[in-house]
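Reading the structure
What follows is the residue order along each chain.
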Amino acid sequence: FDLPAVLIVLLLTMVLVVGIQESAGLNSAIVALKLGVVLFVIAAGFGHIDPANWHPFFHHEKGVSGTFQGAAYVFFAYIGFDSISTHAEEARNPERDVPIAILVSLGLCTVLYIAVAGVLTGMVPYTAIDIDAPIAHAFASLGLPVATFIIAFGAVAGITSVLLVMMLSQARILLAMARDGLLPPSFFAAIHPRFRTPYRSTILVGLIVAVVAALLPLQVLAELVNIGTLFAFVVVCAAVLIMRYTRPDVRRPFRTPWVPVVPILGMLANLTLMIALGWHNWARLLVWLAIGLVIYAAYGYRRSRLATHSS
């Protein structure tokens, strides 16, 4: 039973209930700290790189399948970008700000991820990397205790900021589904009279996350999150492709370029990573998908705004 994880989740739930401005302020401070630690890792580790650790750069034993499997397992690092779109209602100029925020943050973080990975694998042979604490262990193995402490502290802050954004996004997704009639609006669309937040959805998400974080192993959670999000991206890419041809008249503040090339490439890329995760994760995905379909068939199908308007 992971008590610290439960306490952190419950604390963040309280922050999210209080309001979006307070949550954004806390997250901005944590992200600034996290970026500072990332830049510190790149600068401090650069002088300890041994180019011999990069040979072979593409290991023949792992091959292409191993590369795709590794990409699928670290995919959770990119999940935060889709959460930006779920906060469009709280942006001042969403048509301009949301696309810029997604593209800039995606490009910046890609550069930082590659730089950190390059420094880490240059400092320590990839076979000697500690999976549980790779960067901190790499600096500790070089006899740099102060750097190890800074990195460990930044890692905790980074995980906390990701948790904050994910819980914030999930509550807004449930709110949007309730407004569309797919979930009971009396609960999931309830707005706090003072804080103006979907407090019931936020509390429910916090309780579920706390229980799951306390009881399930980290690797199982990462695999579930990865394959679920990859599948959601496949559905979104397919929906963009279908809607562009079935409803060309709909106003599109966010318009995907180069259709159908971009949606098709998106579906293929995500499906490739899903296949690399293995059959046991597909089994878990099918179970969760079945539960969702039961909820949709029992409640949302007849009560959705689309169904009521068409009738």
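Thresholds applied
- For every chain, the first residue of the written sequence is number 1, and numbering continues from 1 onward in sequence order.
- With pLDDT at 70 or above as the cut-off, local features in this predicted model cover only qualifying residues; side-chain atom pairs require 80 or more to be listed or tallied, and sums for whole chains, interfaces and linings still use all residues.
- As a rule here, side-chain values cover all heavy atoms of the structure and leave hydrogens and water aside.
- Helix and strand labels come from DSSP, where a helix needs a run of H or I of at least four residues and a strand needs a run of E of at least two; each type is numbered from the N terminus.
- Expected span, for any helix, means 1.5 Å times one less than how many residues it has.
- Relative accessibility under 20% of the residue-type maximum defines a buried residue, over 50% an exposed one, and the middle range a partly exposed one, all with a 1.4 Å probe and only protein chains included.
- Any pair of residues with heavy atoms lying within 4.5 Å of one another is described as a contacting pair.
- Angles shown run from 0 to 180 degrees and are taken between the N-to-C directions of axes, each axis being a line fitted to C-alpha atoms and, for helices, limited to the stretch in contact.
- Orientation categories follow fixed angle ranges, with anything under 35 degrees roughly parallel, anything over 145 roughly antiparallel, 65 to 115 roughly perpendicular, and all other angles oblique.
- Note on convention: near helix rotated counterclockwise from far helix by under a right angle means a left-handed crossing. Clockwise means right-handed.
- Classification convention: Asp, Glu, Lys, Arg as charged; Ala, Val, Leu, Ile, Met, Phe, Trp, Tyr, Cys, Pro as nonpolar; all other residues, Gly among them, as polar.
- As used in this record, nonpolar core signifies buried Ala, Val, Leu, Ile, Met, Phe, Trp, Tyr and Cys residues forming a set joined through side-chain atoms within 4.5 Å.
- Here a pair means two rings of Phe, Tyr or Trp (six-membered ring of Trp) with centres within 6.5 Å. Their orientation is stacked below 30 degrees between planes, edge-to-face above 60, and tilted elsewhere.

1. Some words on helix 9 (residues 199–215)
Compared with an ideal rise of 1.5 Å per residue, which puts 17 residues at 24 Å, helix 9 spans 24 Å between its outermost C-alpha atoms and is within 8% of the ideal. Three or more residues of helix 9 are buried, namely Tyr199, Ser201, Thr202, Val205, Gly206, Ala210 and Ala214. Buried positions along helix 9 lie against helix 1 (3–18), helix 7 (145–179) and helix 8 (185–188).

2. Observations regarding the packing of helix 1 against helix 7
The geometry of helix 1 relative to helix 7 is characterised by a closest axis approach of 10 Å and an angle of 50° between their N-to-C directions. Regarding the angle of helix 1 to helix 7, the classification is oblique. Of the two possible hands of crossing, helix 1 and helix 7 adopt the one that is right-handed. Residues Ile8, Val9, Leu12, Thr13 and Leu16 of helix 1 form the contact with helix 7, whose own contacting residues are Thr160, Leu163, Leu164, Met167 and Leu168. Split into classes, the residues belonging to the contact of helix 1 with helix 7 amount to eight nonpolar, two polar and no charged.

3. Topic: the packing of helix 10 (residues 218–246) against helix 12 (residues 279–303)
Where helix 10 contacts helix 12, the two axes come as close as 10 Å, and the packing angle between them is 65°. By the angle between their axes, helix 10 is roughly perpendicular relative to helix 12. The two elements helix 10 and helix 12 cross, and the hand of that crossing is right-handed. Listed contacts from helix 12 to Val220, Glu223, Leu224, Ile227, Gly228 and Phe231 of helix 10 are His280, Asn281, Trp282, Arg284, Leu285, Trp288 and Leu289. Grouping the amino acids of the contact of helix 10 with helix 12 by side-chain chemistry returns eight nonpolar, three polar and two charged.

4. As for the nonpolar core
In this structure, Val41, Ile42, Val119, Met123, Ala138, Phe139 and Ile151 are the most contacted members of the largest nonpolar core, which totals 15 residues. Sorting elements by how many residues they give to this core places helix 5 (residues 94–123) first, with five residues. Not counting residues within four places of it along the chain, the set of residues in contact with Met123 comprises Gly45, His48, Ile49, Asn53, Ala138, Phe139 and Leu142. Residues Leu12, Leu16, Leu168 and Phe188 belong to the second largest nonpolar core, which totals 14 residues.

5. A look at the packing of aromatic side chains
Inspection of the entire model under this criterion finds four aromatic pairs. Judged by centre distance (6.5 Å) and plane angle (20°), the rings of Phe149 and Phe153 are stacked. Linking Phe149 with Phe153, this pair stays in helix 7, spanning four residues, or about one helical turn. Given the relative accessible area of 60%, Phe149 is considered exposed. According to the relative accessible area criterion, Phe153 is partly exposed, its value standing at 48%. For the ring pair Phe187 and Phe188, a centre distance of 5.0 Å and an interplane angle of 75° mean the geometry is edge-to-face.

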